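# Overview (structure and organization)
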2 protein chains.
Amino acid sequence: MKATYREVKADILSKITKGHWAPGSLIPNEVELAETYGCARATVNRAMRELADDGLIERRRKAGTRVRSSPVRQARFDIPLVRREIEDKGAEYRYSLAARAVEEAPDWLRARLQLEAGARALHLVCMHYANGDPFQHEDRWINLEALPEAEEADFTQTGPNEWLVATIPFSTAEISFSAALADAALADFLACDPGAPLFTIERATWFEGDANTFVRLTYRPGHRMTTRY
Amino acid sequence: MKATYREVKADILSKITKGHWAPGSLIPNEVELAETYGCARATVNRAMRELADDGLIERRRKAGTRVRSSPVRQARFDIPLVRREIEDKGAEYRYSLAARAVEEAPDWLRARLQLEAGARALHLVCMHYANGDPFQHEDRWINLEALPEAEEADFTQTGPNEWLVATIPFSTAEISFSAALADAALADFLACDPGAPLFTIERATWFEGDANTFVRLTYRPGHRMTTRY
């Protein structure tokens, strides 16, 4: 029976972890490995791609493939809709729209999303609750030049994220994680003390080159975003 | 010329984003798609895997592949060595060991790493500087039952992360991001005010089933961890 890509990957991995292939050393090319394992080159290629994704090997077109001396680990985080995040915990989801206004995009937002002077934006402030307790505060801007239909959308019953997902199925995004202090307004929304440290996600998304939205998501105190890899 | 997987992926993506294939709908199987695009099934498979990784489609062995109605976006973060993180910013890296002690693993650590009663651990407190300014505080525990050689290792010149990477090329990890407040000790180390909000990464790693280390990395105020996807 031919070796599967999982078997090939496991074998290469053990050669690296057991030190048979030292950090920095060149490893055999795909043709040679395919012969060694008696499998298709595509099988070796898939194993090698995953090992590269895992940060264990470095593939260079001309210089060949080497064992990385300092692995760059990649962590992958699922970014689900907050409704799903809450329901996956077995909690009841509730949504509330706290504020809605059409405004000229402020300077910082124009800079961040590369909008033209005078661009109009829809500004929404929303809360997401788990079993009645504050879970996440959402401060959202939607670029009305790119998404004029947002001005007519009803955000009183469902959050803008769900509306965006249904309206624009895909986009590129820039996401960043940081820590912020609860100011008086956030402390009120999240029912915590002013000055509490809050885990924060900021995300800007584009669709086919146009910026469509910027959001700052602030979680209740103690929130942890966890993944295994 | 045969279609490449990138071309296949781009075409399927445009069918989804333009709404030709609606959210929730079943999409043709790989054999049919390979015929449509005049390419190998492996080419279609690779395109589909990436679209699934991107959270756009959901693949089920028996039920077939559907367009996701609510995409689960995955964000990938590179977790490089802090030396590399600092040097990549063009800054000069400096390392300092602030404390070293061999201790009986405290209860919380034993629980977290599933260590036996009486397990010994090496506790290290380190600082990483960028151009002389505090960048990251590292509070590290190494399980001496799994890695007894750590007790003899010299951590005065290079940090434990670099030693671990050289000693244990691969492991599984649990990683979490959160926000913490600077206490008096952290404020001293990071040259910030007590009460400042600090972005924090905690990571536990295992190698072949044995827990080897737990670390809490606390960044200077204002630190952001950013990625594009």
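Residues numbered from 1 in each chain as written. Chains lettered and ligands numbered in written order. Predicted model: local features only at pLDDT ≥ 70, side-chain atom pairs only at ≥ 80, totals over all residues. Heavy atoms only, no water.

As named in an unreviewed UniProt entry, chain A is UTRA domain-containing protein, taken from Roseovarius aquimarinus.

The next point concerns the pattern of salt bridges. Tallying each qualifying case throughout the model produces 32 salt bridges over all chains. Between B:Glu174 and A:Arg228 there is a salt bridge, with its nearest N and O atoms 3.0 Å apart. Pair noted here: B:Glu174 is in strand S8 (residues 172–181) and A:Arg228 is in strand S10 (residues 225–228), and the two residues belong to different chains. The class of B:Glu174 is partly exposed, set by a relative accessible area of 25%. Accessibility expressed as a relative area gives 52% for A:Arg228, which makes it exposed. Among the salt bridges present, the one from B:Glu58 reaches B:Arg60, with a minimum N-O distance of 3.3 Å. With a relative accessible area of 28%, B:Glu58 lands in the partly exposed category. On the basis of relative accessible area, B:Arg60 is assigned to the exposed category, the value being 53%. Connected through shared salt-bridge partners, A:Arg112, A:Glu202, A:Arg216 and B:Arg224 make up one network. (Salt bridge = Lys/Arg side-chain N within 4 Å of Asp/Glu carboxyl O. Helix = DSSP H or I, 4+ residues; strand = E, 2+ residues; numbered from the N terminus. Buried < 20%, exposed > 50% of the residue type's maximum accessible area, 1.4 Å probe, protein only.)

Before going further, it helps to examine the sheet that holds strand S6 (residues 120–130) of chain B. An order of S10(A)-S8(B)-S9(B)-S10(B)-S7(B)-S6(B)-S5(B) is seen for the seven strands of this open sheet, with the pairing classed as antiparallel. In this open sheet, the two edge strands, each paired with only one partner strand, are S10 of chain A together with strand S5 (93–104) of chain B. Each strand axis lies, on average, 15 degrees off the axis of its neighbour in the sheet, ignoring direction. Pairing analysis gives four bridges linking S10(A) to S8(B), with the strands arranged antiparallel. Among the inter-strand pairings, A:Thr226 is bridged to a residue of S8(B), identified as B:Ser176. The sheet contacts of helix H6 (residues 160–167) of chain B involve S5, S6, strand S7 (133–143), strand S9 (197–207) and strand S10 (210–219) of chain B, and relative to S7(B) the element is tilted by about 50 degrees. (Pairing = 2+ DSSP bridges. Axes fitted to C-alpha atoms, helices over the stretch in contact; angles between N-to-C directions. Contact = heavy atoms within 4.5 Å.)

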